[in-house]
Amino acid sequence: MRFPLTAEQRAFARSLDALLTAADTPSVIRAWGAGDRRAGRALWSEIAGAGVFALAVPEAYEGVGPLPPDLAVACVELGRHAVPGPLAETVLAAVLLAGHPERAARLLPPLVAGKTMVTVGGAYAVDGDAADVVLSLGDGRVRLAPGCRPEVRPSLDPARRLAVPLPGGEVLCPAVPPGALDWARLATAAQALGVGLALLDRTVSYAGQRVQFGVPVGSFQAVKHRLADTAVALEFAEPLVFGAALSMAPADIAAAKVAACEAAYGAARTALQVHGAIGYTAEYDLSLWLTRARALRGAWGTPAQCRAAVLAGREQDL
């Protein structure tokens, strides 16, 4: 089954691609990972100006959503360029805050405008040291945490800095609302799809340039097969992501996350094999996408957890 994008969605994707290409995201990612937030916050404001965060926020709070399919289109492009920052967490925060009119009226309009950065976490919060607002799910409740501890923990992806939310703060919900985490999974799946597509594009280009035994390595059958397998996995993941964005069924979203994250992880392994040792050097831009693919694979649901959610959903349908 295919879910073709509308002309408006394709134009939106092209505009985001142009914006992010001009932003030189590799330099932004490296600065963000080193703790320098200036370029990242400037890019965050530009992304907000393009209307990305408004897609997750109801019209009552200056948004245009929630519009899951358009949000998925945006997250694919953000993943394609490996944009740093708490992207899936911002989507989840918008969903959680929308159920609290007083807090939503105060926090969501600046979130839409890119003036306030919000993150959500349990034991750790992605980019909690950079966020202006931290929502904590650490004790099973949704709390408006007073901030994060100053120390930052290492992450698989240097541009996804982990901080520990401080205890206390206002309780917004006694439990995480049903379906809320699905929004974070959908945003993560779409980002992973974009990461995988970028890795494939970069690897195909490199395979046509790198020469061994007097010919491009892309002419070797073994390399062709790996690239073809990667392309097929991503092609199968794409309709699952956009189909899940249309249905918003938990099992569909879990299936999309498994497919997209495993395809991106496979694309990373193929990219590393084709590039050789240069692929994992920190100075080479490819490493920024390799680490992102690995980090997204376990974010907001491991493959095992998502597969269990798929099976649970199928059992309910029987």
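Fair warning: this is a prediction, and the values are worked out from it, not measured in the lab. (Residues numbered from 1 in each chain as written. Predicted model: local features only at pLDDT ≥ 70, side-chain atom pairs only at ≥ 80, totals over all residues. Heavy atoms only, no water.)

(A) A look at the layout of surface pockets. The calculated volume of the largest pocket comes to roughly 350 Å³. At the level of secondary structure, the elements contributing two or more residues to the lining of the largest pocket comprise β1 (118-121) and α10 (286-298). Put simply, the second largest pocket is a space of about 250 Å³. Lining the second largest pocket are 11 residues, with Arg2, Phe3, Glu235, Glu238 and Pro239 positioned closest to its centre. Residue contributions to the lining of the second largest pocket peak at 5 residues, all from helix α8 (residues 221-247). Counted by class, the lining of the second largest pocket contains 7 nonpolar, no polar and 4 charged residues. (1 Å grid on protein atoms, 1.4 Å probe; cavity = no way out; pocket = protein on both sides within 12 Å on 5 of 7 lines; lining within 4 Å. Points joined across faces, edges and corners; volume = space filled by probe spheres on them. Helix = DSSP H or I, 4+ residues; strand = E, 2+ residues; numbered from the N terminus. Nonpolar A, V, L, I, M, F, W, Y, C, P; charged D, E, K, R; others polar.)

(B) Representation of empty space enclosed by the protein within the structure. Taken as a whole and assessed by the stated rule, the structure comprises 2 cavities of 30 Å³ or more. Reported here for the largest cavity is a volume of approximately 60 Å³. For the largest cavity, the full set of lining residues is Val83, Pro84, Gly85, Leu87, Ala88, Glu89, Arg160, Gln191, Arg292 and Leu296. Mapped onto the lining of the largest cavity, the elements with two or more residues apiece are α5 (87-98) and α10. With 3 residues, α5 is the single largest residue contributor to the lining of the largest cavity. Looking at the lining of the largest cavity, its residues break down into 5 nonpolar, 2 polar and 3 charged. Its boundaries defined by the atoms lining it, the second largest cavity holds a volume of some 40 Å³. In terms of lining, the second largest cavity is formed by Val52, Phe53, Leu71, Cys75, Leu78, Leu87 and Val91. Breaking the lining of the second largest cavity down by element, the ones donating at least two residues are α4 (68-80) and α5. For the lining of the second largest cavity, the element with the most residues is α4, which contributes 3 residues. In terms of residue class, the lining of the second largest cavity is built from 7 nonpolar, no polar and no charged.

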